[in-house]
Amino acid sequence: MSRETNSPAVRTASYEADPEQVHRVLLLYSGGLDTSVMLKWIQDEYHAEVVCLTVNLGQPGEDYDVIRGKALQLGAVDCHVVDAREEFAREYLTAAIRANALYGGGYPLFTALGRPLIAKLAVEYARREGCDTIAHGCTGKGNDQVRIEATIATLAPELKVIAPVRSWQMGREEEIAYAREHGIPVKGGNEAAPYSIDDNLWGRSSEGRWIEQLDHAPEDDVFQLVARPEDAPEEPEVVELAFERGTPVALNGERLDLVELIEAATEIGARHGVGIVDHIEDRIVGLKVRDIYEVPAAALILPAHQELERLVCTIHQNQFKPQLDRQWAFLVYAGLWWEPLRTDLDAYMQQVNGRVTGTVGLKLYKGHARVITRSSPNAVYDASLASFSESGGLFSQSASPGFIELWSLQSRMAWRLRNE
């Protein structure tokens, strides 16, 4: 491969790198096949120095010392490993919980939430290390290229971007052959094409293989985080989540910081088979795809938060906020974390959540999590008013006929005009 044959002939965006001006590259490095091949390829094709950045957002089972050692072995000038779990939880997941963030009615935005943080850190380390270019391993068919490149172009217009996987036209077999030729270890072997996996503190996604066949039911080996519901315990379990101002603060009566709470909720939900989402999704680049998500913590925390929010808000707030929730989720999914409307919406989310304090109990059983109890000092609820066993008080039942007559007036008039 040569720079002439594998780099784009024409740059289509101002932030794309001119190959002749690439001298020092900040590479977002995971240690997997794509980014390991990229690390060697960038050195050879651009004759550039490469500084690696690996970001810990709570991916399970990673050995970051091994990842850093591999990067240095493959010629990286340095490899920075950043533990960003606390920032991810505090700045990104908290906002998503307040916004009940689901895209397309099912996807709890964990990858979409992680990418702007990763790209922001890439900008910080690229500037610190004197890099002129940032490289990532996204393909041209996914959403992550949008999220990462939009962030870089917004926060650091002086930095340029290269996306080798998008331009070099190598399939997996070619990548494996390149890795063998250059002595690059292939994580997990290379006999079978793996699922394409992304995971962090908030969940795990799987793509590829049979998942692309819509009539193919999920195979058991895809579930590496959540137990199959058939294998979940035979006895249900009740968990209680406590919130303060819209943020979860305690699980089963024990106060935990948010990272610890999410990890504990993940373990409980996963054990009971809760949080499997088999989802048809409209990507921002125009493709319709199928994803398998495992999101046990989100499957507990989001419904609990939404239930508590309904309890403390008025009918008008409860009619209005879901519209803003959907808009918030769309902006984040679409890579527009830095769009001013998102921060405008955050202001409303924070205002509403100022009263979202209380506890919610959920019963978990074989893949299902159902709200069974709720309480809040701010509940817009009065048992004496709601009760069918009492009459009078602040609610005058005798006033109802007059209300009904006025409430239905225009509808009754319109019906007559159309039918008489």
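Residues numbered from 1 in each chain as written. Predicted model: local features only at pLDDT ≥ 70, side-chain atom pairs only at ≥ 80, totals over all residues. Heavy atoms only, no water.

**Here's the deal with the pattern of salt bridges**
- Across all of its chains, the model carries 32 salt bridges by this definition.
- Its salt-bridge partner being Glu294, residue Arg204 comes within 3.2 Å of it at the nearest N-O pair. Here Arg204 is found in strand E7 (residues 203-207), whereas its partner Glu294 is found in strand E12 (residues 288-294), with 90 residues between them in sequence.
- A residue is classified by how much of its surface remains accessible, and Glu294, at 0% relative accessible area, is buried.
- For Arg255, the salt bridge is made with Glu244, and the minimal N-O distance between the two is 2.8 Å. Of this pair, Arg255 sits in strand E10 (residues 254-255) while Glu244 sits in strand E8 (residues 237-244); the two residues are 11 residues apart in sequence, bridging distant segments of the chain. (Salt bridge = Lys/Arg side-chain N within 4 Å of Asp/Glu carboxyl O. Helix = DSSP H or I, 4+ residues; strand = E, 2+ residues; numbered from the N terminus. Buried < 20%, exposed > 50% of the residue type's maximum accessible area, 1.4 Å probe, protein only.)

**Regarding the nonpolar core**
- Counting 81 residues, the largest nonpolar core has Leu109, Leu113, Trp202 and Trp328 as the members making the most contacts within it.
- Counting residues per element, this core draws most heavily on helix H5 (residues 110-128), which supplies 11 residues.
- Those residues in contact with Trp202 that sit more than four places away from it in its chain are Leu93, Ile97, Pro108, Phe110, Leu113, Ile262, Val295, Ala297, Ala298, Ile301 and Leu302.
- Listed in part, the 31 residues of the second largest apolar core include Val22, Leu39, Val50 and Leu74. (Core = buried A, V, L, I, M, F, W, Y, C linked by side-chain atoms within 4.5 Å. Contact = heavy atoms within 4.5 Å.)

**Description of unusual backbone geometry**
- For Asn100, which is not a glycine, the phi torsion comes out positive at approximately 45 degrees.
- You can see Asn100 is positioned in the loop between helix H4 (85-98) and H5.
- Positive phi, close to 55 degrees, is recorded for Arg245, a residue that is not glycine.
- Secondary-structure assignment places Arg245 in the loop between E8 and strand E9 (247-251).
- Taking the relative accessible area as the measure of exposure, Arg245 reaches 54% and is therefore exposed.

**Some words on a negative patch on the surface**
- A cluster of acidic residues, Glu86, Glu254, Asp257 and Glu260, forms a negative patch on the protein surface.
- Note on placement: Asp257 falls in the loop between E10 and helix H9 (258-271). (Patch = residues over 30% accessible without salt bridge, like charges linked within 9 Å, V, L, I, M, F, W, Y side chains within 5 Å. Areas by Shrake-Rupley, 256 points an atom, 1.4 Å probe, with all protein chains shown as cover. Lys, Arg positive; Asp, Glu negative; His and termini not counted. Charge placed at Lys NZ, Arg CZ, Asp CG, Glu CD.)

**Overview of the packing of aromatic side chains**
- Counted under the stated rule, the structure contains 13 aromatic pairs.
- The interplanar angle of 35 degrees and the centroid separation of 6.4 Å between the aromatic rings of Phe88 and Tyr92 together place this pair among those described as tilted. Of this pair, Phe88 and Tyr92 are both found in helix H4, 4 residues apart, which corresponds to roughly one turn of the helix.
- Overall, Tyr92 belongs to the buried group, its relative accessible area being 3%.
- When the centroid spacing of 6.0 Å and the interplanar angle of 80 degrees are considered together, the rings of Trp328 and Trp337 count as edge-to-face. (Phe/Tyr/Trp six-rings, centres within 6.5 Å; stacked < 30°, edge-to-face > 60°.)

**Quick look at the sheet that holds E12**
- The strand order across the open sheet built from 4 strands is E6-E7-E12-E11, with neighbouring strands paired in antiparallel fashion. Edge positions in the sheet fall to strand E6 (196-200) and strand E11 (276-282), since each of these pairs with one other strand and no more. Between one strand axis and the next, the sheet turns by 25 degrees as a mean value, whatever way the strands run.
- In this sheet, E12 lies alongside E11 in antiparallel orientation, the contact comprising 7 bridges. Across the sheet, the residue bridging to Ile280 is Arg290, located in E12. (Pairing = 2+ DSSP bridges. Axes fitted to C-alpha atoms, helices over the stretch in contact; angles between N-to-C directions.)

**So, H9**
- In this model, H9 (14 residues) spans 20 Å end to end at C-alpha, consistent with the 20 Å of a helix rising 1.5 Å per residue.
- For H9, the full list of buried residues reads Leu258, Val259, Leu261, Ile262, Ala265, Thr266, Ile268, Gly269 and Ala270.
- Buried residues belonging to H9 abut H4, E8, E9, helix H10 (296-312) and strand E13 (358-365).
- Where H9 begins, the side chain of Asp257 points an oxygen toward the backbone nitrogen of Val259, at a separation of 3.2 Å.
- Immediately downstream of H9, the backbone of Gly273 shows phi near 70 degrees, a positive value. (Expected span 1.5 Å × (residues − 1). Polar contact = N/O pair within 3.5 Å; in protein donor to acceptor, adjacent residues only side chain to side chain.)

**Quick word on the confidence of the model for the chain**
- Of the residues in the chain, 94% have a pLDDT of 70 or more, and the chain-wide mean is 92.
- Scored below 50 in pLDDT, residues 1-9 makes 17 contacts in the model with residues more than four places away or belonging to other chains. (pLDDT = per-residue confidence, 0-100.)

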